[in-house]
Amino acid sequence: MAFHEVRFPASLSFGSVGGPERRTEIVTMANGFEERNSPWAHSRRRYDAGVGLRSLDDVERLIAFFEARGGQLHGFRWKDWADFKSCPASREVDFEDQVIGIGDGVKTQFQLVKSYRSGGVEYVRPIKKPVEGTIQVGLQGSHRMETVHYSVDFQNGVVSFVSPPAAGARITAGFEFDVPVRFDTDGIQVSVQSFRAGDMPQVPVVEVRI
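Residues numbered from 1 in each chain as written. Predicted model: local features only at pLDDT ≥ 70, side-chain atom pairs only at ≥ 80, totals over all residues. Heavy atoms only, no water.

Let us now look at the side chain of lysine 129. Relative to the assigned elements, lysine 129 resides in strand 11 (residues 129–130). Residue class for lysine 129 comes out buried when judged on its relative accessible area of 2%. A polar contact of 2.4 Å, which involves the side chain of lysine 129, links it to the side chain of glutamate 5. Of the polar contacts made by the side chain of lysine 129, one reaches the backbone oxygen of glutamine 155; its length is 2.8 Å. If near-sequence neighbours (up to four positions away) are discounted, lysine 129 is found in contact with Phe3, Glu5, Arg77, Phe154, Gln155, Phe177, Asp178, Pro180 and Ile210. (Helix = DSSP H or I, 4+ residues; strand = E, 2+ residues; numbered from the N terminus. Buried < 20%, exposed > 50% of the residue type's maximum accessible area, 1.4 Å probe, protein only. Polar contact = N/O pair within 3.5 Å; in protein donor to acceptor, adjacent residues only side chain to side chain. Contact = heavy atoms within 4.5 Å.)

Below is the structure:
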């Protein structure tokens, strides 16, 4: 089992369907009240790669990618077109998009994160697969230069500063990112006749924890 640092063809994932899912355990009491609990701290995303296929050439590309990953064996990167930036889709990435940490004068490494806010509640999602060439980092409102002030591990989304940020310093970042996933099946069933008639094969993809 390994993770291949290769992205599923973005042109194929563009038409896919999917998104986050949660696991909630609900117990209904004798009095009708409920007790709800979730064993997951973070959501898990699922997609159907088959929906994005538009031609037999696309099917061939899918099969080649599937074979190279060994079916469910190896993970890979997936671009979620509905959520792939540190900012809203209509905006350009900026180094002040997300707060990723506060300096303490000692710590030099900070995990990239994206915050989701609604109704006064915030969920902070770790970003483990940033896209190379898209990351911008800021410190106390000032843009910092990669390789000069910091480096990024693109396999786990950790930003490492050359010198520890001062205590109380606000560290921010902007970036594009992929979702670490694997195929959720060891078989792909394709019928050329059915495909030409508009019947798309189901190719489930599921997020993996990194």
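Let us now look at the sheet that holds strand 16 (residues 170–174). Strand order in this open sheet of 4 strands is 7-16-12-13, and the pairing throughout is antiparallel. Of all the strands in the sheet, the pair left with one neighbour each is strand 7 (98–102) and strand 13 (142–144). Direction aside, neighbouring strands of the sheet carry axes that sit 35° apart on average. Here strand 7 runs beside strand 16; their pairing, made up of 4 bridges, is antiparallel. (Pairing = 2+ DSSP bridges. Axes fitted to C-alpha atoms, helices over the stretch in contact; angles between N-to-C directions.)

Structurally, proline 201 is set in the loop between helix 3 (192–196) and strand 18 (204–207). Residue proline 201 is classed as buried on the basis of its relative accessible area of 9%. For proline 201 and arginine 45, which are 156 residues apart along the polypeptide, the C-alpha to C-alpha distance reads 20 Å.

Another aspect to go through is unusual backbone geometry. In this structure, glutamine 140 takes a positive phi of about 55° despite not being glycine. Residue position: glutamine 140 is located in the loop between strand 12 (136–139) and strand 13. With relative accessibility at 52%, the residue glutamine 140 sits in the exposed group. A positive phi is found at threonine 147, a non-glycine position, where the angle reads about 75°. Relative to the helices and strands, threonine 147 resides in the loop between strand 13 and strand 14 (150–153).

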